[in-house]
Amino acid sequence: MLKSAVLFVVVLFSVSMSQAYEAFPKGPDATLTPGALCNRPSEYRYPEKIKYCERDVSSSQKAGIFQKYDQIGYRTRSMKRQAFKIDHYIPLCAGGSNDAKNLWPQHESVYEITDKLEALICEKMAAGRLLQKDAVEIIIQAKNHLNEVPEIEARVREL
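Let me sum up the structure you'll find in this document. All of these numbers come straight from a predicted model, not from anything done at the bench. (Residues numbered from 1 in each chain as written. Predicted model: local features only at pLDDT ≥ 70, side-chain atom pairs only at ≥ 80, totals over all residues. Heavy atoms only, no water.)

Before going further, it helps to spend a moment on helix 4 (residues 132–144). Helix length check: helix 4, at 13 residues, gives a terminal C-alpha distance of 18 Å against a target of 18 Å (1.5 Å per residue), a fit within 8%. Taken as a whole, helix 4 has its buried residues at Q132, A135, V136, I138, I139, A142 and K143. Along the axis of helix 4, the buried residues cluster in a sector spanning 165°; they form a single face. In helix 4, the exposed positions angled more than 90 degrees off the buried face are occupied by K133 and E137. Its buried side turned inward, helix 4 meets strand 2 (50–52), strand 3 (84–88), strand 4 (103–107), helix 3 (108–126) and helix 5 (149–157). (Helix = DSSP H or I, 4+ residues; strand = E, 2+ residues; numbered from the N terminus. Expected span 1.5 Å × (residues − 1). Buried < 20%, exposed > 50% of the residue type's maximum accessible area, 1.4 Å probe, protein only. Arc of directions from axis to C-beta. Contact = heavy atoms within 4.5 Å.)

Here it is as structure tokens:
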């Protein structure tokens with residue numbers, strides 16, 4: 001009896017710990033956030049003349065993004081709201097959209113890794129050293145492989 005009780009506690013603890021690691025997404029879910037480019041531009045930017053959308057995400061749209069992610073198993077709404085931002089998967093500066101298909105709840109531990117790279121990518125686009133299609137590929141690679149961000153950033157700096 002004691003053995004099965006101990007086993008139950010170990011299993012319960014293991015399940016809780018694995019769920020704790022899944023409280024928030026480490027990257028955008030491909031089914032909810034496949035990414036989307038701006039289709040109603042307020043202006044065109046960079047030598048390439050990419051479409052640029054002004055930031056326009058309402059509080060209710062943000063709440064809906066958290067709800068959708070929690071419906072697939074995350075627990076973002078039970079965490080501190082200040083620990084998150086609603087991220088544009090494809091950043092606005094790279095021609096991303098405000099559409100829900102381009103938004104996801106990004107935890108601070110993730111955006112601390114990716115935000116600097118996004119700014120660098122957009123600097124390179126502004127300088128005409130990086131095309132939008134390549135920038136989008138780089139961003140998608142980085143946001144889905146956080147461990148590769150330092151190497152990706154080093155390559156982008158060389159452009």
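Let us now look at the packing of aromatic side chains. Counting across every chain of the model gives 3 aromatic pairs. Arranged with centres 6.1 Å apart and planes meeting at 35°, the rings of Y69 and Y74 form a pair that is tilted. No difference in accessibility class separates Y69 from Y74, as the two residues are buried. Through a chain of ring-to-ring contacts, the aromatic side chains of F24, F66 and F84 assemble into a single cluster. Its end group placed over the ring of Y52, R45 keeps NZ or CZ at 3.5 Å from the ring centre. Here the basic side chain of K85 rests over the ring of Y111, its NZ or CZ set 4.8 Å away from the ring centre. (Phe/Tyr/Trp six-rings, centres within 6.5 Å; stacked < 30°, edge-to-face > 60°. Lys NZ or Arg CZ within 6 Å of the ring centre and 35° of its normal.)

Here we come to helix 2 (residues 59–71). With 13 residues, helix 2 should cover 18 Å at 1.5 Å per step; its first-to-last C-alpha distance of 18 Å lies within 8% of that length. Buried within helix 2 are the following residues: I65, F66, Y69 and D70. Take helix 2 and look down its axis: the buried residues cluster within an arc of 130°, on one side only. Residues of helix 2 that are exposed and point over 90 degrees away from its buried face: S60 and Q71. Summarising the contacts, the buried residues of helix 2 are in contact with strand 3 and strand 4. Looking one or two residues past helix 2, G73 carries a phi angle of roughly 115°, positive in sign.

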